[in-house]
Amino acid sequence: MQRLPCSTLLAACLVLAACAGDREDGGASAMPAPDADQVAATPDAPASSPAPVPGPAAAALGEYDREQVHFTGFGAARFGADEAAVRQAWGGRLLPESLAGSTLCYYIEQDPRPAGGGIAFMFEDAKLVRYDVFGTPPGVSAAPGGFTVGARAEDILKAFGSRVEVQPHKYVEGGRYLVLSPEFGEPGRIVFEVDQDGLVTQWRVGVPPQVFYVEGCS
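Definitions and limits used
- Residues numbered from 1 in each chain as written.
- Predicted model: local features only at pLDDT ≥ 70, side-chain atom pairs only at ≥ 80, totals over all residues.
- Heavy atoms only, no water.
- pLDDT = per-residue confidence, 0-100.
- Contact = heavy atoms within 4.5 Å.
- Buried < 20%, exposed > 50% of the residue type's maximum accessible area, 1.4 Å probe, protein only.
- Helix = DSSP H or I, 4+ residues; strand = E, 2+ residues; numbered from the N terminus.
- Pairing = 2+ DSSP bridges.
- Core = buried A, V, L, I, M, F, W, Y, C linked by side-chain atoms within 4.5 Å.

So, on to the confidence of the model for the protein chain. Low-pLDDT portions of the prediction should not be read for the details of their coordinates. Of all residues in the protein chain, 69% have pLDDT values of 70 or greater, and the mean over the chain is 79. pLDDT under 50 marks residues 1-34. Its contacts with residues more than four places away, or in other chains, come to three contacts. Within the model, the stretch residues 36-59 combines pLDDT values under 50 with four contacts to residues more than four positions away or in other chains.

What follows concerns the pairing of strand β10 (residues 189-194). Counting buried residues in β10 gives five out of six residues, a clear majority hidden from the surface. As judged from the five bridges shared by strand β9 (residues 176-180) and β10, these two strands associate in the antiparallel manner. In the strand pairing of β10, Val179 is matched with Val191. Direction of pairing for β10 relative to strand β11 (residues 200-206): antiparallel, over a ladder of six bridges. Each bridged residue has a counterpart across the sheet, and for Arg189 the counterpart in β11 is Gly206. Linking β10 to β11, which pair antiparallel, is a turn of five residues; within it Gly198 sits at a positive phi near 80°.

Note on sheets: strands pair through backbone hydrogen bonds, and any given pair is parallel or antiparallel. Taken together, three strands build an open sheet; the order of strands is β1-β2-β3 and the sheet is antiparallel. A single partner strand is all that each edge strand has here, and the edge strands are β1 (69-70) and β3 (77-78). Direction of pairing for strand β2 (residues 73-74) relative to β3: antiparallel, over a ladder of two bridges. Opposite Gly73, over in β3, you have Arg78 as the bridge partner.

Here we take up the nonpolar core. Ranked by internal contacts, the top residues of the largest apolar core, which has 37 residues, are Ile119, Phe121, Tyr131, Ile156, Phe192 and Trp203. When residues of this core are traced back to their parent elements, those giving at least two are α4 (83-90), β5 (106-110), β6 (117-124), β7 (127-135), α5 (153-160), β9, β10 and β11. Once residues within four sequence positions are removed from consideration, Tyr131 is found in contact with Gln68, Val69, His70, Gly73, Phe74, Phe79, Ile119, Ala120, Phe121, Arg204 and Val205.

In structure tokens:
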């Protein structure tokens with residue numbers, strides 16, 4: 001039997017392999033694989049837009065807790081609640097220790113008062129009628145809308161529109177009171193005290209007429 005040369009056998013094998021490849025892929029020629037540089041240069045998805053930089057109005061916003069500060073009272077203590085209910089809602093120490101049962105107007109205040117401000121609760125006829133926020137104390141630094149002491153009056157007016165009534169300040173020339181009415185008919189009001197530069201210096205939440213008292217209990 002005559003043997004074929006090795007070179008002839010090798011050539012025949014290559015032809016058979018090529019034919020088998022044509023049958024498997026329908027004759028389509030193989031595409032060259034992209035090199036690593038091409039893969040790295042191809043983006044997977046369009047880049048997302050950069051996050052907007054907060055403006056002055058956004059910078060004034062604080063952490064508002066609607067479960068704590070609202071038009072019906074403070075936390076679970078509604079306007080008209082007694083001192084014990086307010087102490088429970090606050091959960092911390094309040095001074096004086098107790099004036100419960102008094103028919104006078106009086107305050108109990110956060111103790112110790114934080115360096116950044118504090119909160120004081122007003123009672124009249126032994127019932128909660130108002131609370132005042134000074135500075136930006138932890139936990140109660142922000143009113144509805146996220147506005148804190150230092151916020152701009154124009155931003156409050158822009159945020160709440162016709163719900164804000166502007167009144168002249170009794171003692172600060174050029175100052176104002178911004179009275180915010182509730183959205184759903186709740187009993188309370190929020191009063192922002194604004195200085196001559198248009199910045200909030202303190203704010204309070206309460207029911208009329210006590211929320212409008214400009215000298216605490218009077």
